[in-house]
Amino acid sequence: MKNFLVKTIANAGALAVAIWLIQSITLTGDSTGKKALTLVLVALLFGLINFIVKPVVQLLTLPLFILTLGLITLVINALMLLLTSWLADTLDLGFHVDGFWTAVLGGLIISIVSWALNVVLPDGKD
């Protein structure tokens, strides 16, 4: 449970950094509290998508992973971010990613920040 909470916090922090750095990734809300709640909900959604959908996509693109020496991971991360944006729009959450190349850059930023936060934050495996 603690590991799940740490990963959600890391995802929320990584999404917040991407929203802050990239103008085409937006988070809307009336107040700071609503934005924070939306960010946590989007982080949960993003984590769920990465847990369920991403392994299937990675398995299906294994030949491309080998052929591109792993660079297809950037495209997969972008697609997961676009899927999160689409589901957030469907669920009426105020999160939107505008375009594929924005998602590629956002996915790169989220991967780097999430990795750094997972290194710093305790994972409960003590």
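These figures come from a predicted structure and were not determined experimentally.

What counts, and where the lines are drawn
- Residues numbered from 1 in each chain as written.
- Predicted model: local features only at pLDDT ≥ 70, side-chain atom pairs only at ≥ 80, totals over all residues.
- Heavy atoms only, no water.
- 1 Å grid on protein atoms, 1.4 Å probe; cavity = no way out; pocket = protein on both sides within 12 Å on 5 of 7 lines; lining within 4 Å.
- Points joined across faces, edges and corners; volume = space filled by probe spheres on them.
- Helix = DSSP H or I, 4+ residues; strand = E, 2+ residues; numbered from the N terminus.
- Nonpolar A, V, L, I, M, F, W, Y, C, P; charged D, E, K, R; others polar.
- Axes fitted to C-alpha atoms, helices over the stretch in contact; angles between N-to-C directions.
- Parallel < 35°, antiparallel > 145°, perpendicular 65-115°, else oblique.
- Contact = heavy atoms within 4.5 Å.

Caption draft 1: Summary view of the layout of surface pockets. If you add up the space inside the largest pocket, you get close to 440 Å³. K7, N11, F46, G47 and N50 are, among the 22 residues lining the largest pocket, the residues nearest its centre. Broken down by element, the residue count for the lining of the largest pocket peaks at 8 residues, all from helix α2 (residues 32–60). In terms of residue class, the lining of the largest pocket is built from 10 nonpolar, 10 polar and 2 charged.

Caption draft 2: Molecular detail of the packing of helix α4 (residues 72–90) against helix α5 (residues 100–120). Relative orientation of the contacting elements α4 and α5 amounts to 105°, with a least axis distance of 8 Å. In terms of their interaxial angle, α4 and α5 are classed as roughly perpendicular. Counted together, L74, V75, N77, A78, L79, L81 and L82 of α4 and F100, A103, V104, G106, G107, L108, I110 and S111 of α5 form the full contact between these two elements. Here the contact of α4 with α5 is built from residues that sort into 11 nonpolar, 4 polar and no charged.

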